[in-house]
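# Structural overview for review
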Amino acid sequence: MLSVPEPLLVHLRRARDLADRHYAEPLDLDGLAGTAGVSKYHFLRCFAATYGKTPALYLAERRIERAQDLLRATNLTVTEVCLLVGYTSLGSFSSRFTQLVGVSPSAYQAKFAEHGAPRIPGCFVFMHGLSDRTPASAISEKPSRSTPS
């Protein structure tokens, strides 16, 4: 097993944090390795040795976790969720979701819809920043109220 030097762990954590924050954006091995300041091959070996999975699998799991949240709590379509979590292909999203969760996204969503729990309307997700793709500036910019004199 590969022993990862302790100083490199900080850089690996920085790359993992980038994947956690920006998982819905296109991320590649070169970009993550650049964040860690090492070659992509060394990064791949060290990341897998440290976290027990490749960066691609880590990113896929993060995206699918977020998709599960959205499918449980909102009335967004599977296609909308697919795009919000960073997939560009519904087929790739559905097959990866099924592989990691054990059921299709549609079946997963239907299972939670049966329970009748209140669901957040999709328009709120897009308008009020509940999507991870909403820029932070849009969330913090609220109209100021002026009081009449």
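My aim in this report is to walk through the structure given alongside it, one point at a time.

The rules behind these values
- Residues numbered from 1 in each chain as written.
- Predicted model: local features only at pLDDT ≥ 70, side-chain atom pairs only at ≥ 80, totals over all residues.
- Heavy atoms only, no water.
- Phe/Tyr/Trp six-rings, centres within 6.5 Å; stacked < 30°, edge-to-face > 60°.
- Helix = DSSP H or I, 4+ residues; strand = E, 2+ residues; numbered from the N terminus.
- Buried < 20%, exposed > 50% of the residue type's maximum accessible area, 1.4 Å probe, protein only.
- Lys NZ or Arg CZ within 6 Å of the ring centre and 35° of its normal.
- Expected span 1.5 Å × (residues − 1).
- Arc of directions from axis to C-beta.
- Axes fitted to C-alpha atoms, helices over the stretch in contact; angles between N-to-C directions.
- Parallel < 35°, antiparallel > 145°, perpendicular 65-115°, else oblique.
- Left-handed = near helix turned anticlockwise from the far one by under 90°.
- Contact = heavy atoms within 4.5 Å.
- Nonpolar A, V, L, I, M, F, W, Y, C, P; charged D, E, K, R; others polar.
- Salt bridge = Lys/Arg side-chain N within 4 Å of Asp/Glu carboxyl O.

## Considering the packing of aromatic side chains
For any pair of aromatic rings, the description consists of the separation of the ring centres together with the inter-plane angle of the planes. Following the criterion strictly, the structure yields seven aromatic pairs and no others. Relative to Phe47, the ring of Phe43 has its centre 5.5 Å away and its plane inclined at 50°; by these criteria the two rings are tilted. Of this pair, Phe43 and Phe47 are both found in helix 3 (residues 40-51), four residues apart, which corresponds to roughly one turn of the helix. With relative accessibility at 2%, the residue Phe47 sits in the buried group. Judged by centre distance (4.9 Å) and plane angle (55°), the ring pair of Tyr108 and Phe112 falls under tilted. Within this pair, Tyr108 and its partner Phe112 are both found in helix 7 (residues 105-114), separated by four residues, close to a single helical turn. Judged by relative accessible area, which is 6%, Tyr108 ranks as buried. Taking the relative accessible area as the measure of exposure, Phe112 reaches 22% and is therefore partly exposed. Over the ring of Tyr87 we find Arg63, and its NZ or CZ is 5.6 Å from the ring centre. The positively charged end of Arg72 is found above the aromatic ring belonging to Phe112, 5.8 Å away from the centroid.

## With respect to helix 1 (residues 6-21)
End to end, helix 1 covers 23 Å across 16 residues, agreeing with the expected 22 Å (1.5 Å per residue, within 8%). Within helix 1 the residues assigned to the buried category are Leu8, Leu12, Ala15, Leu18 and Ala19. For helix 1, the angular spread of buried residues about the axis comes to 110°, placing them on one side. Turned more than 90 degrees away from the buried face of helix 1, the exposed residues are Glu6, Pro7 and Arg21.

## Thoughts on the packing of helix 1 against helix 2 (residues 29-36)
Each packed pair of helices is defined by two parameters, the angle between the axes and the distance between the axes. Here helix 1 crosses helix 2 at 135°, and the two axes come no closer than 7 Å. On the basis of the axis angle, helix 1 is oblique to helix 2. Seen along the crossing, helix 1 lies across helix 2 with a hand that is right-handed. Along its contact with helix 1, which presents His11, Leu12, Arg14, Ala15, Leu18 and Ala19, the element helix 2 presents Leu32, Thr35 and Ala36. Among the residues forming the contact of helix 1 with helix 2, the class breakdown is six nonpolar, two polar and one charged.

## Things to note about the pattern of salt bridges
Taken as a whole, this structure holds four salt bridges when the rule is applied. One salt bridge connects Arg16 with Asp17, and the closest N-O pair in it is separated by 3.8 Å. Judged by its relative accessible area of 31%, Asp17 falls in the partly exposed class. One salt bridge connects Lys53 with Glu61, and the closest N-O pair in it is separated by 2.7 Å. Look at Glu61 and you get partly exposed, because its relative accessible area is 22%.

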